[in-house]
Amino acid sequence: MAIDVDKLAYRYEELRSERANWESTWRECAELFNPGRYRDDTETNAHRIPLVNPKLVSSKGILAMRSMASGMQGGMASPVRPWFRLVAKGDPQFIPDGVNAWLDRVTQVMTAVLHQSNFYNATHTLYSDIGTFGTGLLVETANEDGIYFHLVRCGEYVLDINGNDEVDTFFRRLYMTPRQILDRWEHAPDLPDFIKRSRERKVMTTERYDVIHAVFPRTDFKPAKRLTAESKPFASVYYLPGGSSGHGTGKACILEEGGFDMFPAFAPRWDVSGSDVYGRSPAMDVLPDCKMLQAMTTTLRKTQHKIADPPLVADQSLRATGVKLIPGGLSFFDSTRTGTTPVAPIHQPEAAALQTVMTAIQEVEQNIDDGLYVDLFRLMLEDQRSRITATEINAKERERIVMLGPVVERLHKELFDPVIRRTFALMQEWGAMPTPPEGVDALDVDVSFESALAQAQRQVTTSNIEAGFAFIGQAAAAVPEILDIVDTDAMGRAYLDRINMPSSVIREESAVEEIREQRAQAAAQQQQMETMNQGVNQLVDATKAMENMSNTNISGQNALEALTGGLGNVL
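The rules we used
All chains use their own residue numbering, which begins from 1 and follows the written sequence. Local features in this predicted model are restricted to residues whose pLDDT is 70 or higher, and side-chain atom pairs enter the listing and the counts only when it is 80 or higher, whereas totals over whole chains, interfaces and linings include all residues. Computation of side-chain values covers all heavy atoms of the structure but excludes hydrogens and water. For a residue, the bend is simply the angle between two axes, fitted respectively to the seven-residue segment ending there and the seven-residue segment starting there. Runs of E in the DSSP output that reach at least two residues are strands. Runs of H or I that reach at least four are helices, and both are numbered from the N terminus. Pairing of N or O atoms within 3.5 Å defines a polar contact, subject to two protein rules: one partner must be a possible hydrogen donor and the other a possible acceptor, and residues neighboring in sequence count only if both atoms are side-chain atoms. For two strands to be treated as a pair, DSSP must find no fewer than two bridges joining them. Relative accessibility thresholds used throughout: buried, under 20% of the residue-type maximum; exposed, over 50%; partly exposed, between the two (1.4 Å probe, protein chains only). In what follows, a contact means two residues having at least one pair of non-hydrogen atoms within 4.5 Å. Within this analysis, patches are made of residues with over 30% relative accessible area and no salt bridge. Like charges are joined at 9 Å or less; nonpolar side chains (Val, Leu, Ile, Met, Phe, Trp, Tyr) at 5 Å or less. The Shrake-Rupley method, run with a 1.4 Å probe sphere, supplies the accessible areas, and residue values consider only the shown protein chains as cover. Think of a salt bridge as a Lys or Arg side-chain nitrogen and an Asp or Glu carboxyl oxygen that are within 4 Å of each other. Charge counting treats Lys and Arg as positive and Asp and Glu as negative, with His and both chain ends excluded. A single reference atom marks each charge: NZ on Lys, CZ on Arg, CG on Asp, CD on Glu. For Phe, Tyr and Trp, where Trp contributes only its six-membered ring, two rings pair if their centres lie within 6.5 Å, and the inter-plane angle classes them as stacked under 30 degrees, edge-to-face over 60, or tilted in between. Whether a charge lies above a ring is judged from NZ of Lys or CZ of Arg, which has to be within 6 Å of the ring centre and within 35 degrees of the ring normal. For a helix, the expected span equals 1.5 Å multiplied by the residue count minus one. Working convention: axes come from line fits to C-alpha atoms, limited for helices to the stretch in contact. Angles between N-to-C directions cover 0 to 180 degrees.

Moving on, we get to helix α1 (residues 5–33). Think of an α-helix as turning once every 3.6 residues; residues three or four places apart then point the same way. Considering bend angle alone, the principal kink of α1 is centred on Asn21 and spans about 50°. Near the N-terminus of α1, the side chain that reaches the backbone nitrogen of Asp6, with its oxygen 3.1 Å away, is that of Asp4.

In structure tokens:
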């Protein structure tokens, strides 16, 4: 079924209208925390990036957001340490041989593929987008050259969610010149004539036009034996919207229609209220503090300026000659006039007032750091970070990690798990997957995250296990029966699971039972051997005793003869 471009354009405008309530807040957050990352999709000069924000007098918000983005990358998906692992779902005893080793190899290859792409550069900026605006949009594509991630700026896209509150639709605005349009869609059947004729001009025009890229699930999708780009579950449509020159072409027209097997975009959100499409950010929470900081910093600079260069008052007699206040300047006045000061400060703030303002600013800056988790991330990025383990982070920042837990879980669900699954599928599609063993076709693969924050989040609960084990161990010395109330096997497995111990090095319950049974059999055999040895030793001792008696002479008879003779007399 052909795409109705007019209905598509109408839906885009509806989603833009729904997004309008967020735009003013995004603009304010961008000015204070992330200049250059917000673009209003109604601007005609959106391609011109401002170099600086002239309104800023304090860069605290920008620096704190930069620390948060760096900390999120180091804690969630560091390019210098393993942060994910592919594992097989289901009962391990039913997993075919060689599957775990193959999944380890796939993990290594996928890690290399991500390193060769721009994944880590794109996600670093994505963290700052999420921290500033509460929502980000990352699109993953692939070709024969590899995988590429495109980060869309806030304000240039609209989103929509399905019944499960999952983002499954996006529209993004591409502001393109006629040359860029012709390079990609020169042979599009509905391409407007004024775009085609632009190549005939002596100088290619730099005027820009809106091109909208829409990706959404097809409502009329039906599985077919031969899937083409136009019949895949997710539609991908590029079109020129209708409108005036610069924003459209008069009549909307489709430039390209394609599709995806999986949703190609990831729209992680920091926090979501109810069924909202867009998320809230930590920058929104400290936005009042950052605004206040700008005003307080302005006051501080004025106060410092007045102390260094205060306003002056001069004697009226100096009006004619003037006063030279430059270093080494020489001024003349009537020395016969006493009781007057030729030049003196008229107002100079006291140092105590300056210190009060500076203390207040430090408190506000600390609020911003707390809101953006700067202290937690600085701990992870300090000079000795190579020796800081997840356990140490847990010990120092346990409460803050618990507060960050929902964000970590949401990023796993909305960003990293979908990225790994889509990259896995793209590697299969483009033949970049290692040769699988038999039985992998029906294998259900899961993702286990091993980043510092993921491990620290799991290890928050290990302290309870450690405390319980220590208590039981101490109490067992006095009351051994207390061990009966604890399943030590379950306790050990729970602890190893929380510290992310690889499942390949943990024995299954059946293997543990077999080892214990063998140990019990060995102990029983050892006891039996000891009993037999004890009986043999007793027999040997009895034999030696009889030999000794036979060698002992008692009145011409040996002891044995005397004993048997005596016994005979008795009998």
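Each regular strand carries side chains that alternate between the two faces of the sheet. Across seven bridges, strand β2 (residues 137–143) lies against strand β3 (residues 146–152) in antiparallel orientation. When the sheet's bridge partners are listed, Glu140 is paired in β3 with Phe149. With antiparallel pairing between neighbouring strands as the criterion, β2 and β3 make up a hairpin whose turn holds two residues.

One can find Thr132 in helix α4 (residues 119–133). For Thr132, a relative accessible area of 0% corresponds to the buried category. At a separation of 2.7 Å, a polar atom in the side chain of Thr132 contacts the main-chain carbonyl oxygen of Ser128. With residues near it in sequence (within four places) discarded, Thr132 still touches Cys29, Ala30, Phe33, Asn34, Met65, Ser281, Ala283 and Met284.

Here we come to a negative patch on the surface. On the surface, Asp487, Glu509, Glu513, Glu514 and Glu517 cluster together to form a negatively charged patch. Position of Glu513 among the secondary structure elements: in helix α15 (residues 509–550). Glu513 sits in the exposed class, given a relative accessible area of 55%.

As enumerated under the stated definition, the model contains 13 aromatic pairs in all. Between Trp83 and Phe119 the ring centres are 6.1 Å apart and the planes differ by 10°, which places this aromatic pair in the stacked class. You can see Trp83 sitting in the loop between α2 (60–76) and β1 (84–88) and its partner Phe119 sitting in helix α4, a full 36 residues away along the chain. Both residues of the pair, Trp83 and Phe119, belong to the buried class. Feature note: the residues Trp83, Phe84, Phe119, Tyr120, Phe149 and Phe416 constitute an aromatic cluster, connected by ring pairs. The lysine or arginine in question, Arg184, covers the ring of Tyr238, its NZ or CZ lying 4.9 Å from the ring centre.

A few words now on α4. When the terminal C-alpha atoms of α4 are compared, their 20 Å separation across 15 residues agrees well with the 21 Å that a helix rising 1.5 Å per residue should span. Every buried residue belonging to α4 is among Phe119, Tyr120, Ala122, Thr123, Leu126, Tyr127, Ser128, Asp129, Ile130, Gly131, Thr132 and Phe133, and all of these are buried.

Once that is clear, we can look at the sheet that holds β3. Across the sheet, three strands lie side by side as β3-β2-β9; this open sheet has antiparallel pairing. Bordering the open sheet on either side are β3 and β9 (265–266), each of which pairs with just one other strand. Sheet analysis places β2 next to β9, joined by two bridges and oriented antiparallel. Opposite Leu138, over in β9, you have Phe266 as the bridge partner. The sheet contacts of α4 involve β2 and β3, and relative to β3 the element is tilted by about 20°.

Before going further, it helps to spend a moment on the pattern of salt bridges. As enumerated under the stated definition, the model contains 20 salt bridges in all. We note a salt bridge from Arg19 to Asp41, for which the minimum N-O separation is 3.0 Å. With Arg19 in helix α1 and Asp41 in the loop between α1 and α2, this pair connects stretches of sequence that are 22 residues apart. Each member of the pair, Arg19 together with Asp41, is buried.

This part covers the sheet that holds strand β5 (residues 167–176). Overall, antiparallel pairing links the five strands, which are arranged β4-β5-β6-β7-β8 in an open sheet. With one partner strand each, in any of the chains shown, β4 (157–161) and β8 (253–260) form the two edges of the open sheet. Each strand axis lies, on average, 15° off the axis of its neighbour in the sheet, ignoring direction. Looking at chain direction, strand β7 (residues 234–240) and β8 are connected through seven bridges and run antiparallel. The residue bridging Ser236 from the neighbouring strand is Gly258, located in β8. Sheet contacts for α1: β4, β5, β6 (209–217), β7 and β8; angle to β4, the most-contacted strand, approximately 95°. In the packing of helix α5 (residues 178–185) onto the sheet, contacts are made with β5, β6, β7 and β8, and the angle to β5 comes to roughly 125°.

Bringing the side chain of Lys60 into the picture now. With respect to the secondary-structure elements, Lys60 resides in helix α2. Assessed through its relative accessible area of 14%, Lys60 is described here as buried. At 2.9 Å, the side chain of Lys60 forms a polar contact with the side chain of Asp369. When sequence neighbours within four positions are dropped, the list of residues in contact with Lys60 reads Leu293, Glu365, Ile368, Asp369 and Arg378.

Taken together, Leu312, Val323 and Leu325 make up a surface patch of nonpolar side chains, about 250 Å² in accessible area. Checked against the element boundaries, Val323 lands in the loop between β10 (312–314) and β11 (343–345).

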